[in-house]
Amino acid sequence: MVTQSKLAGYTVYTNGDDQFFINMLDDFLHSRLTTLKVFRSIPDTKVSLVEKDGRLYVLKVFTPKEKRNERFLKSFFRGDYYLTLFKQTAMLREREVTFPNDFHLLAETKIFNFASRFIMIIEYIPGVEMDILAAKGELTEEIKSEVLESVKVLHQHQVIFDDAHKQNFMLSNGRVRVIDLSGKNYSRFRAAKDFIDLERHFGISNFHRGFAYQWVKRKSQFRKKFKAFKGRLIGRSV
């Protein structure tokens, strides 16, 4: 059950009344949290490996700086992307679907439905990314089969991946885990895109290719051809 509370001006979402992660957020806000490694640091996003009571977590801080007016308007129609992802993850856990990484806490500064800053505490998954396995020649058909099955299970629960490339799958303790789900609403066209991504990045092809697959595939091909045509026109005009 997703629980909402307030802390230091943030709207905070947790799975139930989980005081451990609320205390962890408070530690972060008061610079009491131990950072072990910075995975990414750019002007609007910082992703770090942090430690709390001997346990490791991923902490992500996102402060979007571009297209703020556009994002504000879209928030009234599209809802809260990260909150949707948080609720989807909680739903999967309640249904005992545990291969996606857990989303422990979401904190936002909000005006109406528009959030200007996000703080996320996410499960840290030790393991090997699929692109590393592929480079070593260790991405076996058995692992690919498990990757395909994981995407099918997500779709059964009306959850979209939307970015099913090798760096978003991990092999951890002999088990395929997935990270960085999209939080987008389910549609059969988005589900088809997931399979197209698997085909492109993993060479996986043993899935049904229905109308949605053909539509998304042809739409993508048309966009590529149009982009190339547009580039040629620009080149001639220079």
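Look a little higher up for the structure.
How each quantity is defined
- Residues numbered from 1 in each chain as written.
- Predicted model: local features only at pLDDT ≥ 70, side-chain atom pairs only at ≥ 80, totals over all residues.
- Heavy atoms only, no water.
- Phe/Tyr/Trp six-rings, centres within 6.5 Å; stacked < 30°, edge-to-face > 60°.
- Buried < 20%, exposed > 50% of the residue type's maximum accessible area, 1.4 Å probe, protein only.
- Helix = DSSP H or I, 4+ residues; strand = E, 2+ residues; numbered from the N terminus.
- Lys NZ or Arg CZ within 6 Å of the ring centre and 35° of its normal.
- Patch = residues over 30% accessible without salt bridge, like charges linked within 9 Å, V, L, I, M, F, W, Y side chains within 5 Å.
- Areas by Shrake-Rupley, 256 points an atom, 1.4 Å probe, with all protein chains shown as cover.
- Salt bridge = Lys/Arg side-chain N within 4 Å of Asp/Glu carboxyl O.
- Pairing = 2+ DSSP bridges.
- Contact = heavy atoms within 4.5 Å.
- Axes fitted to C-alpha atoms, helices over the stretch in contact; angles between N-to-C directions.
- Core = buried A, V, L, I, M, F, W, Y, C linked by side-chain atoms within 4.5 Å.

A word on the packing of aromatic side chains
Thinking step 1. Applying the stated rule across the entire model yields 14 aromatic pairs.
Thinking step 2. Centre to centre, the rings of Phe20 and Phe21 are 5.0 Å apart; their planes meet at 90 degrees, and the pair counts as edge-to-face. The burial state of Phe20 is the same as that of Phe21; both residues are buried.
Thinking step 3. Where Phe62 meets Tyr82, the ring centres are 6.1 Å apart and the plane angle is 70 degrees; that geometry is what we call edge-to-face. On the criterion of sequence distance, the pair formed by Phe62 in strand S5 (residues 55-62) and Tyr82 in helix H3 (residues 81-94) is long-range, its members being 20 residues apart. In this pair, the class of Phe62 matches that of Tyr82, namely buried.
Thinking step 4. Among the aromatic residues, those joined into a cluster by ring pairs are Phe62, Tyr81, Tyr82 and Phe118.
Thinking step 5. In this arrangement the basic side chain of Lys166 is found over the ring face of Phe202, its NZ or CZ atom lying 5.6 Å from the centre.
Thinking step 6. Against the face of Tyr213 rests Arg209, its NZ or CZ located 5.4 Å from the ring centre.

Let's talk about unusual backbone geometry
Thinking step 1. Of note in the backbone geometry, Asp53 takes a positive phi value of approximately 55 degrees without being a glycine.
Thinking step 2. By the secondary structure assignment, Asp53 is in the loop between strand S4 (45-52) and S5.
Thinking step 3. We classify Asp53 as exposed; its relative accessible area is 56%.

Overview of a nonpolar patch on the surface
Thinking step 1. Together, Phe189, Phe211 and Trp215 line one region of the surface with nonpolar side chains, adding up to about 340 Å² of accessible area.
Thinking step 2. Take Phe211: it is sitting in helix H7 (residues 211-237).

Some thoughts on helix H1 (residues 19-29)
Thinking step 1. Every buried residue belonging to H1 is among Phe20, Phe21, Ile22, Met24, Leu25 and Asp27, and all of these are buried.
Thinking step 2. Positive phi appears at Ser31, one or two residues downstream of H1, with a value of about 60 degrees.

Some points on the sheet that holds strand S10 (residues 175-178)
Thinking step 1. Read from one edge to the other, the open sheet built from three strands follows the order S8-S9-S10, with strand pairing classed as antiparallel. Bordering the open sheet on either side are strand S8 (128-129) and S10, each of which pairs with just one other strand.
Thinking step 2. Pairing of strand S9 (residues 169-172) with S10, which is carried by four bridges, proceeds in the antiparallel orientation. Bridge pairing links Phe169 to Val178 in S10.
Thinking step 3. In the packing of helix H5 (residues 141-156) onto the sheet, contacts are made with S9 and S10, and the angle to S10 comes to roughly 40 degrees.

Examining the nonpolar core
Thinking step 1. The biggest cluster of nonpolar side chains holds 44 residues, and the ones touching the most others in it are Leu106, Met130, Val147, Phe169 and Leu198.
Thinking step 2. Of all hydrophobic cores here, the second largest spans 16 residues; its members include Tyr10, Phe20, Ile22 and Leu25.

With respect to the sheet that holds S4
Thinking step 1. One open sheet holds the seven strands; their spatial order is S1-S2-S6-S7-S5-S4-S3, and the pairing between them is antiparallel. Each edge of the open sheet is held by one strand with a lone partner, namely strand S1 (2-7) and strand S3 (34-42). Averaged over all pairs of adjacent strands, the angle between strand axes in this sheet comes to 20 degrees, irrespective of strand direction.
Thinking step 2. Sheet contacts for H3: S1, strand S2 (10-15), S5, strand S6 (103-111) and strand S7 (114-123); angle to S6, the most-contacted strand, approximately 155 degrees.

Some thoughts on the environment of Ile143
Thinking step 1. In this fold, Ile143 is placed in helix H5.
Thinking step 2. Using a relative accessible area of 11% as the deciding quantity, one classes Ile143 as buried.
Thinking step 3. On a C-alpha basis, the gap between Ile143 and Glu108 in space is 37 Å, while along the polypeptide they are 35 residues apart.
Thinking step 4. The residues touching Ile143, leaving out its near neighbours within four places in the chain, are Met130, Leu133, Glu138, Leu171 and Val176.

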